[in-house]
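Structural description and commentary
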Amino acid sequence: AVDRWWCGFLLTAVVSPRMAGLRVDFGLFLEPLGFIKVLEWIFSIFAFATCGGFQGETTLLVSCKGVVNKTVTAAFAYPFRLNTVVFSAPDPKRCGGTWTDVYLVGNFSSSVQFFVTLAVLVFLYCIAALVVYIGYKHVYQQNSKFPLTDLAITVVIAFLWLVSTFAWAKALADIKMSTGASIIPGIESCKAPGTTCRFASVTSMGTLNVSVVFGLLNMVLWGGNVWFVYKDTNLHNQSNRISQSPGIYPTQRGI
């Protein structure tokens, strides 16, 4: 009985003060600040989900000594370190010794990992922000530091979406070049006497295109959200007070 009383006392002493300020109000979802945050949370999920799990392969048809139209493939995936991806050999004897290891070209991991990491961090931040908006909105409004911090983070995230999306879009264009038909002229083994190579196919990258679209949507959402977060700060309130205050000089009356 004593142990139970002591545990109950500790729970009351530790948990109650922390939960005392909790005031759950889902009405914020109907306001732009909360509604946009939910959209940002959802779109961040789509941004990293359409990119982070991608797997594909590019395929060539190779004819060489003793081999006719042998399919060789190079499987690639996120984070797109293509320079580590090698084509399979046309046959166990490697076309009579004329076929050497052929790698794809390019390492695009930095751009895509920047994009995916930002999306994951934004996902986590949106969860934290929604918890504050829904349960501690009164604390958020009473302490001027919270809206200012939220504004600063929103501006930084909007800028990072701009940078990461365009960097990832450029990297995606290069990935398509490095896995498409243009790779054949750069393969030395295909230039050997009696060897011909033809491009067969490459996995569709439609989901990667969608990830770029969601990156642009996130950039627009966070850029537009700057205004709604700014309205909750003292900066906006001060500007309103200045604009609404009477002029310094009194109005002149007619003679």
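Residues numbered from 1 in each chain as written. Predicted model: local features only at pLDDT ≥ 70, side-chain atom pairs only at ≥ 80, totals over all residues. Heavy atoms only, no water.

1. Focus on the overall build of the protein chain
On a plain count of helices and strands, the protein chain comes out with 8 helices and 3 strands. Starting at the N terminus, the α and β elements of the protein chain follow one another as α-α-β-β-α-α-α-α-β-α-α. The burial tally for the protein chain puts 36% of its 255 residues in the buried class. The contacts in the protein chain between residues at least 6 apart in sequence include a share of 73% that link residues at least 24 apart. (Helix = DSSP H or I, 4+ residues; strand = E, 2+ residues; numbered from the N terminus. Buried < 20%, exposed > 50% of the residue type's maximum accessible area, 1.4 Å probe, protein only. Contact = heavy atoms within 4.5 Å.)

2. Some words on the pairing of strand E2 (residues 67-77)
In this sheet, E2 lies alongside strand E1 (residues 55-64) in antiparallel orientation, the contact comprising 9 bridges. Bridging from a neighbouring strand, Gly56 pairs with Phe76 of E2. What sits between E1 and E2 in their antiparallel hairpin is a turn of 2 residues, with Gly66 showing a positive phi close to 80 degrees. (Pairing = 2+ DSSP bridges.)

3. Thoughts on the state of the cysteines
This structure, assessed with the given rule, holds 2 disulfides. Between the sulfur of Cys64 and that of Cys95 lies a disulfide, 1.8 Å long from S to S. In this structure, the disulfide formed by Cys64 and Cys95 twists by about -65 degrees around the S-S bond and is classed as left-handed. Remark: Cys95 occurs in helix H3 (residues 94-97) and Cys64 occurs in strand E1; sequence separation between them is 31 residues. Summarising the burial analysis for this pair, Cys64 and Cys95 share the class buried. Across a sulfur-sulfur distance of 2.0 Å, Cys190 and Cys197 are joined as a disulfide pair. Measuring the twist about the S-S bond at about -90 degrees, one finds the Cys190-Cys197 disulfide to be left-handed. For the pair Cys190 and Cys197, a shared accessibility class is recorded, and that class is buried. Of note for the protein chain: the bonded cysteines, numbered N- to C-terminal, pair according to 1-2, 3-4. (Disulfide = S-S within 2.5 Å.)

4. Digging into a nonpolar patch on the surface
Residues Phe114, Phe159, Leu162, Val163, Phe166 and Leu216 make up a contiguous nonpolar surface patch of roughly 520 Å² in combined accessible area. For Leu216, a relative accessible area of 34% corresponds to the partly exposed category. (Patch = residues over 30% accessible without salt bridge, like charges linked within 9 Å, V, L, I, M, F, W, Y side chains within 5 Å. Areas by Shrake-Rupley, 256 points an atom, 1.4 Å probe, with all protein chains shown as cover. Salt bridge = Lys/Arg side-chain N within 4 Å of Asp/Glu carboxyl O.)

5. So, the pattern of salt bridges
The final tally for this structure, using the stated rule, is 4 salt bridges. The salt bridge involving Lys170 is made with Asp174; its shortest N-O contact spans 2.8 Å. Of the two residues, Lys170 and Asp174 are both situated in helix H6 (residues 145-179); the distance of 4 residues between them amounts to about one turn of the helix. Close ionic contact of Glu188 with Lys191 constitutes a salt bridge, the shortest N to O distance being 3.4 Å. Given a relative accessible area of 56%, Glu188 falls into the exposed group.

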